[in-house]
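Structure assessment
So you can see what is in the structure, the chains are spelled out below.
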Amino acid sequence: EPEVTQTPSHQVTQMGQEVILRCVPISNHLYFYWYRQILGQKVEFLVSFYNNEISEKSEIFDDQFSVERPDGSNFTLKIRSTKLEDSAMYFCASIFRGKNTEAFFGQGTRLTVV
Amino acid sequence: GQQVMQIPQYQHVQEGEDFTTYCNSSTTLSNIQWYKQRPGGHPVFLIQLVKSGEVKKQKRLTFQFGEAKKNSSLHITATQTTDVGTYFCAGGREDYKLSFGAGTTVTVRA
């Protein structure tokens with residue numbers, strides 16, 4: 001069964017460092033998302049991406065965040081200067097399009113900023 | 001912007017009992033989706049409801065979508081230990097954005 005894959009599964013970084021979280025969405029999907037989940041809390045929308053551009057972003061997605069789909073398969077989330085409060089689980093998700101808009105989630109990357 | 005509220009936040013259930021979690025959106029939805037997240041896992045799609053007043057069943061799980069397409073509920077009968085996890089509703093828009101509720105975390109007493 002096709003799945004969304006995310007790497008790395010766990011990333012530890014020093015405050016102020018840049019991190020890149022990587023995702024490979026399901027190949028025929030058209031809509032891509034990043035969500036964040038702070039431990040024990042709700043799943044928060046960060047950004048949606050369609051047709052090679054951001055279609056919507058949340059208030060959380062400020063200037064330190066960026067997304068790219070550099071080669072047609074990978075979908076990356078970059079955090080330029082990490083803060084302690086960026087520590088969370090980051091989920092990538094993709095949607096095919098059409099009648100059934102089920103989101104397929106990756107296993108997540110646990111980011112720990114120290 | 002669109003907000004999706006979900007209650008209760010926690011549900012402690014005796015094995016064999018029933019419970020319901022409720023979801024309310026501040027705006028009319030295109031669809032409502034439900035996801036389950038096991039401890040340490042990622043959200044996994046359970047079901048999507050699209051039509052006003054729609055009811056769908058999956059074994060012991062019954063999902064409803066309100067007539068106004070602004071609220072939904074998930075009812076689980078005869079809770080089992082395998083039901084442990086967090087259940088999220090997600091309001092879907094026509095542009096494919098999903099707004100998640102805060103989730104209901106279910107624990108089961110054997």
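Heads up: these notes are all about the structure in this document. Each chain has its residues counted from 1, following the order in which its sequence is written. To read the labels, note that chains go from A and ligands from 1, taken in the order they are written. In keeping with the predicted nature of the model, local features appear solely for residues at pLDDT of at least 70, side-chain atom pairs appear and are counted solely at 80 or more, and the whole-chain, interface and lining totals rest on all residues. Only heavy atoms go into the side-chain values, all of them from the structure, while hydrogens and water stay out.

Looking at the overall build of chain B
Only runs of H or I of at least four residues qualify as helices and only runs of E of at least two qualify as strands under DSSP, and these elements are numbered from the N terminus. Broken down by element type, chain B carries zero helices and eleven strands. In chain B, the succession of α and β elements from N to C terminus is β-β-β-β-β-β-β-β-β-β-β. Its C-alpha atoms give chain B principal-axis dimensions of roughly 40 × 25 × 20 Å. Scored against the burial criterion, the 110 residues of chain B give a buried share of 51%. We call two residues in contact whenever any of their non-hydrogen atoms come within 4.5 Å of each other. For chain B, restricting intrachain contacts to residue pairs at least 6 apart in sequence, the fraction spanning at least 24 positions comes to 52%. Note that accessible areas follow from Shrake-Rupley with a 1.4 Å probe, and for residues the cover is restricted to the protein chains shown. Here chain B has roughly 5,200 Å² of accessible surface; of this, 50% comes from carbon and sulfur atoms. In summary, the charge assignment counts Lys and Arg as positive and Asp and Glu as negative, without counting His or the chain termini. Where a charge lies is defined by one atom per residue type, namely NZ (Lys), CZ (Arg), CG (Asp) and CD (Glu). Between the averaged position of the 12 positive side-chain charges in chain B and that of its 8 negative side-chain charges there is a distance of 4 Å. Classification of residues uses two cut-offs on accessible area relative to the type maximum, computed with a 1.4 Å probe and protein chains only: under 20% is buried, over 50% is exposed, and between them is partly exposed.

Description of the nonpolar core
Residue types Ala, Val, Leu, Ile, Met, Phe, Trp, Tyr and Cys, when buried and joined through side-chain atoms within 4.5 Å, form a set referred to as a nonpolar core. The biggest cluster of nonpolar side chains holds 21 residues, and the ones touching the most others in it are W34, L46, F61, V67, F75, L77 and Y90 of chain A. Going through the elements one at a time, β3 (19-24), β4 (31-37), β5 (43-50), β7 (65-68), β8 (75-79), β9 (88-95) and β11 (109-113) of chain A are the ones with two or more residues in this core. Every residue in contact with F75 of chain A, bar those within four places of it in the chain, is listed here: L21, R22, C23, P25, F32, Y33, W34, F49, V67, E68, R69 and C92 of chain A. Counting residues in each nonpolar core, the second largest holds 19 residues, with V4, C23, L46 and L49 of chain B among its members.

Observations concerning the sheet that holds β8 of chain A
Residue and element names in this part refer to chain A. Pairing within the open sheet is antiparallel, and its four strands lie in the order β1-β3-β8-β7. Edge positions in the sheet fall to β1 (5-7) and β7, since each has one partner strand and no second. The sheet shows a mean angle of 20 degrees between the axes of neighbouring strands, direction not considered. Of the pairings in the sheet, the one linking β1 to β3 comprises three bridges and is antiparallel in character. The partner of T5 across the bridge, within β3, is V24. Any two strands with at least two DSSP-identified bridges between them are counted as paired. Only the contacting stretch of a helix is used when fitting its axis, a line to C-alpha atoms as for every element, and angles between N-to-C directions run 0 to 180 degrees.

Quick look at the interface of chain A and chain B
Of the residues lining the interface, 20 residues belong to chain A; the matching set on chain B comes to 19 residues. In this description, buried area is defined as the sum, over both parts, of the accessible area (probe of 1.4 Å) that is lost when the two are combined. In this assembly, chain A packs against chain B so that about 1,700 Å² is buried in total across both faces, 54% of it on carbon and sulfur atoms. Of all residues in chain A, K42, T101 and F105 of chain A bury the most surface against chain B, accounting for 28% of the area lost on that side. The term salt bridge refers to a pairing of a side-chain nitrogen on Lys or Arg with a carboxyl oxygen on Asp or Glu at a separation within 4 Å. Viewed at the interface, chain B and chain A are joined by two salt bridges. Note that E56 of chain A is salt-bridged to K97 of chain B, the shortest N-O span being 3.2 Å. Identification of polar contacts relies on pairs of N or O atoms within 3.5 Å, with a donor-acceptor requirement for protein atoms, meaning one able to donate a hydrogen and the other able to accept it, and with residues adjacent in sequence counted only if both atoms are side-chain atoms. The interface formed by chain A and chain B holds nine residue pairs in polar contact (both at pLDDT 80 or more) in total. Put simply, the parts of the chain that give the side of chain A that touches chain B at least two residues each are β4, β5 and β9 of chain A. Per-element accounting of the side of chain A that touches chain B gives the leading share, four residues, to β4 of chain A. Think of it as three bins: nonpolar holds Ala, Val, Leu, Ile, Met, Phe, Trp, Tyr, Cys and Pro, charged holds Asp, Glu, Lys and Arg, and polar takes everything else, Gly as well. Here the residues of the side of chain A that touches chain B are counted per class, giving nine nonpolar, six polar and five charged.

Digging into the side chain of K97 of chain B
Take K97 of chain B: it is sitting in the loop between β9 (85-92) and β10 (98-100). A polar contact is formed between the side chain of K97 of chain B and the side chain of E56 of chain A, at a distance of 3.2 Å. Setting aside residues up to four positions removed in sequence, K97 of chain B forms contacts with Y33, F45 and E56 of chain A together with G91 and G92 of chain B.

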